[in-house]
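# A structural walkthrough
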Amino acid sequence: QVQLVASGGGLVQAGGSLRLSCAASGRTSLGLAMGWFRQAPGKDREFVATISMNSGKQYYSDSVKGRFTISRDNAKNTVYLQMNSLRSEDTAVYYCAAAPVYGTPFRASEYRSWGQGTQVIVSS
């Protein structure tokens, strides 16, 4: 298992930016891919972005493509989610997760370790 701690959430105006961080510890060798998911009030958890920790290849949901950027710093065992041009629809609790698979998984079932989540509120 990988222990994950998400941080960086907060309140921001529409059109603004936030950067989320996810620090990993424990059996980090199992975190071959890292991803971000989010859950808005009254909605199901949805995929946001993922990155291969080996190749750096990224994959995004259509709803955030072009606005969000996922990146990783392997030396720090940390992944980031840079969120630009934020919209009120981006308001959600954001969760980071680790998957013991190669590539860029987007199914929640492929992720076996999850962080506690960090709240993002975008005001209009």
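Residue placement: Asp90 occurs in the loop between strand E8 (78-83) and strand E9 (92-99). In this view, Asp90 contacts Arg38, Arg67, Phe68, Ser85, Val120 and Val122; residues no more than four positions away in its chain are not counted.

The next thing to look at is the side chain of Thr91. Here Thr91 lies in the loop between E8 and E9. Overall, the relative accessible area of 18% leaves Thr91 in the buried class.

Moving on, we come to the pairing of E8. Of all six residues in E8, five are buried, a share of seventy percent or more. The pairing of strand E3 (residues 18-26) with E8 spans six bridges and is antiparallel. Of the residues in E8, the one forming a bridge with Arg19 is Gln82.

Quick look at the sheet that holds E3 now. With antiparallel pairing, four strands are arranged side by side in an open sheet as E1-E3-E8-E7. Each edge of the sheet is formed by a strand with only one pairing partner; in this case those strands are strand E1 (2-7) and strand E7 (68-73). Averaged over all pairs of adjacent strands, the angle between strand axes in this sheet comes to 20 degrees, irrespective of strand direction.

For the rest of this paragraph, the subject is the pattern of salt bridges. Counted according to the given criterion, the structure contains five salt bridges. Here Arg38 and Asp90 are joined by a salt bridge, their closest N and O atoms 2.9 Å apart. Here Arg38, found in strand E4 (residues 33-39), pairs with Asp90, found in the loop between E8 and E9; they are 52 residues apart in sequence, far enough to count as distant. Assigned by exposure class, Arg38 and Asp90 land together as buried.

Reading the values: rules and limits
- Residues numbered from 1 in each chain as written.
- Predicted model: local features only at pLDDT ≥ 70, side-chain atom pairs only at ≥ 80, totals over all residues.
- Heavy atoms only, no water.
- Helix = DSSP H or I, 4+ residues; strand = E, 2+ residues; numbered from the N terminus.
- Contact = heavy atoms within 4.5 Å.
- Buried < 20%, exposed > 50% of the residue type's maximum accessible area, 1.4 Å probe, protein only.
- Pairing = 2+ DSSP bridges.
- Axes fitted to C-alpha atoms, helices over the stretch in contact; angles between N-to-C directions.
- Salt bridge = Lys/Arg side-chain N within 4 Å of Asp/Glu carboxyl O.

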